[in-house]
Amino acid sequence: MNRHYEEKQMTESRKYSGASSTPSHQWDAINWKTTGRNVRRLQMRIAKAFREGKHSKVKSLQWLLTHSFYAKTLAVKRVVQNKGARTPGVDNVVWKTPKQKWLAVQSLKRRGYQPKPLRRIYIAKKQKGKLRPLSIPTQACRAQQALHLLALEPVAELMADKNTYGFRPLRSTADAIERCFNVLVKPACAQYILEGDIKSCFDSISHSWLLENIPMDKQMLKKWLDAGYLENGEFHLVEKGTPQGSLISPTLLNVTLAGLEAVISKVASPPRDKVYFCGYADDFIITGKTREVLEHQVKPALETFLKERGLTLSLEKTRIAHINKGFDFLGINIRKYDGKLIMKPAKNSVSRFLADIREIIKLYRTAKTENLIRRLNPKIRGWANYYCSVCSKKTFSDIDHHIFQALRKWCLRRHSTKSLKWVKQKYYRQEKGRSWIFTTKVIDKQGNTVNLDLVNASNVPIKRHIKIREKATPYDPALSCPPKFGQVVKRVYLPRREEKVCERSTSHP
């Protein structure tokens, strides 16, 4: 079977090599539908072999996938279409033209590959005054990681805990929040929550543990872990951790934390102690009936599990809270008021968003109104869409009010000698009972003059998110139909009976 597939690969490669005299035409001639279909077929075979416990077959199929022409083209395509595609590594090389992309596909070889050091930069964290290290690989290293990630992802998806929602296909933060809702909404649910955060998670994972337990090409993994980084022209060797900024690092983290939910379930009886887990990357919560269960049973088991992998809990961010006092998780404040569970945007998230909006308005104090509106609309729409599945209606109204006040000051500053009535006629319009719509006139693609209005967060409808099934995976035909390349992946939702239960339990303020 493998021999037949290799012959097909060689035939396809010769077809592209003889299609045109220039590499740019060869890149443009790639049939992406066929490419995705062949890679998906191999991934499904890898997942099936792993479910059946045939680890030697998994290894051989992964080898076949990482040497596949189709997988190499998909890896290069992912690198050049990523948000950081224009950010170079230490070699200052960026693949822009079709010729460069095609030559990159041909250069993806295991033999003779040696990764270059990563370029170290620092970005601001949510906490003021703190910086997060970010390591940027070269585009050649990114393509190699994307190639091996195609082979690792089917196995990592089956190994991951069923209630972990970070860096996994089909899952999102909304699923994690809905998981919290389901385990805390009833009156007899757990009353205490352990908020967990792993200290410097990406930078602290043990290299020896990764090399022993990650089901992928060990030689390639060791090269990436030992690559080091350059900072201010000085080379630094890394003895632990995976670099933040690499394509494969999130999946390595998921495999590292796989089994955490099972360990926690063993130390306590979930029906009696009401111990349930919900995680998103290195942030997680664990519910418990009493504080003693979390402090004396769950937390020691958690620390032992993490210590084996070189990780520790963050003392600053790890705490045990009562549900009546509430806690923040993924930007959502979860709390019970008189026995009723309410989830709404956290105050810190609202403050950061408004500070960002005010900073943009300040930077655009001399810009055209059109430019300001086009800059603000994606911010407001994206923030509102993130929180539209929780009780956010009042928060949205408050956000609109603060933005209105900031924009009114922006208008009056530009025309300090004009009256408020004159400013209103210039920058605002009326429609359907609304008399303060911040707007401007623009010309659309058809050449017509239309109104460009500022988006209101309160216009975004509140709709409860339907949670994906815990065991759903795109690599198991019994749980989810594998999509064809280019098609929208259909989510696997809860059964209709559980959806009705969630709807009845939903309560908005």
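Placed above this text is the structure.
Predicted model only: the values in this text are computed from it and were never measured. (Residues numbered from 1 in each chain as written. Predicted model: local features only at pLDDT ≥ 70, side-chain atom pairs only at ≥ 80, totals over all residues. Heavy atoms only, no water.)

A. A look at unusual backbone geometry. Notably, K274 is not glycine yet its phi reads approximately 55°, a positive angle. Mapped onto the fold, K274 is located in the loop between α14 (270-273) and β6 (277-280). Even without being glycine, D338 reaches a positive phi, approximately 55°. By secondary structure assignment, the location of D338 is in the loop between β10 (332-337) and β11 (340-345). (Helix = DSSP H or I, 4+ residues; strand = E, 2+ residues; numbered from the N terminus.)

B. The packing of helix α3 (residues 32-51) against helix α4 (residues 55-66), seen in detail. One can describe the packing of α3 onto α4 by two numbers: an axis separation of 8 Å at closest approach and a directional angle of 165°. For the element pair α3 / α4, the angle class is roughly antiparallel. As for how α3 packs across α4, the hand of that crossing is left-handed. Contacts between α3 and α4 involve V39, L42, Q43, R45, I46, A49 and F50 from the first element and H55, K57, V58, L61, Q62, L64 and L65 from the second. Tallied by class, the residues present in the contact of α3 with α4 amount to nine nonpolar, three polar and two charged. (Axes fitted to C-alpha atoms, helices over the stretch in contact; angles between N-to-C directions. Parallel < 35°, antiparallel > 145°, perpendicular 65-115°, else oblique. Left-handed = near helix turned anticlockwise from the far one by under 90°. Contact = heavy atoms within 4.5 Å. Nonpolar A, V, L, I, M, F, W, Y, C, P; charged D, E, K, R; others polar.)

C. Fine view of the packing of helix α17 (residues 369-386) against helix α18 (residues 393-414). The N-to-C vectors of α17 and α18 enclose an angle of 165°; their axes lie 13 Å apart at closest approach. Considered as vectors, α17 and α18 are oriented roughly antiparallel to each other. The two elements α17 and α18 cross, and the hand of that crossing is right-handed. In this structure, α17 contributes T369, L372, L376, I380, W383 and A384 to the contact, and α18 contributes T395, F396, I399, I403, L407 and W410.

D. Main features of the nonpolar core. Within the largest apolar cluster, 54 residues are counted, with the highest numbers of intra-cluster contacts made by F329, I334, L376, I380, L407 and F438. It is α18 that provides the largest number of residues to this core, a total of seven residues. If we ignore the near neighbours within four places in the chain, the residues touching L407 are I361, L372, L376, Y428, F438 and L454. In terms of nonpolar packing, the next biggest core, distinct from the first, is built from 40 residues, I198, V255, A281 and L306 among them. (Core = buried A, V, L, I, M, F, W, Y, C linked by side-chain atoms within 4.5 Å. Buried < 20%, exposed > 50% of the residue type's maximum accessible area, 1.4 Å probe, protein only.)

E. Highlighting the environment of I30. By the element assignment, I30 lies in the loop between α2 (23-28) and α3. In this structure I30 comes out as buried when scored by relative accessible area, which is 6%. With 43 residues separating them along the chain, I30 and T73 place their C-alpha atoms 8.5 Å apart.

F. Local environment of the sheet that holds β11. The sheet built from three strands is open, its strands ordered β9-β10-β11 with antiparallel pairing. Edge positions in the sheet fall to β9 (327-329) and β11, since each of these pairs with one other strand and no more. Taking the axes of each pair of neighbouring strands and ignoring which way they run, one obtains an average angle of 30° across the sheet. Here six bridges tie β10 to β11, and the two strands are oriented antiparallel to one another. Counterpart to I334 in the pairing with β11 is M343. (Pairing = 2+ DSSP bridges.)

G. Representation of the pattern of salt bridges. Taken as a whole and judged by the stated rule, the model has 16 salt bridges. Notably, a salt bridge pairs E195 with R319, separated by 3.0 Å at the nearest N-O pair. Here E195 is found in strand β3 (residues 192-197), whereas its partner R319 is found in strand β8 (residues 319-322), with 124 residues between them in sequence. A residue is classified by how much of its surface remains accessible, and E195, at 10% relative accessible area, is buried. Between R272 and D273 there is a salt bridge, with the nearest N and O atoms lying 3.7 Å from each other. Under the relative-accessibility criterion, R272 is labelled exposed at 56%. (Salt bridge = Lys/Arg side-chain N within 4 Å of Asp/Glu carboxyl O.)

H. Examining the pairing of β10 more closely. The pairing of β9 with β10 spans three bridges and is classified as antiparallel. Note on β10: the bridge partner recorded for F329 is I332. The antiparallel hairpin formed by β10 and β11 contains two residues in its connecting segment, where D338 sits at a positive phi of about 55°.

I. Here's a closer look at the packing of aromatic side chains. Per the stated rule, a full pass over the model turns up 15 aromatic pairs. For the pair Y428 and W436, a centre-to-centre distance of 5.0 Å together with 70° between the ring planes defines the contact as edge-to-face. Its relative accessible area of 30% is what places W436 among the partly exposed residues. Taking the ring centre of Y427 as reference, the NZ or CZ of K426 above it sits at 5.5 Å. (Phe/Tyr/Trp six-rings, centres within 6.5 Å; stacked < 30°, edge-to-face > 60°. Lys NZ or Arg CZ within 6 Å of the ring centre and 35° of its normal.)

J. Main features of the pairing of strand β7 (residues 283-288). For β7, a buried count of five out of six residues is recorded, marking the element as mostly surrounded by other parts of the structure. Examined bridge by bridge, β6 and β7 share four bridges and lie antiparallel to one another. Residue pairing for β7: G279 is matched across the bridge by F284. Connecting β6 to the next strand, β7, in antiparallel fashion are two residues, including A281 with a positive phi near 60°.

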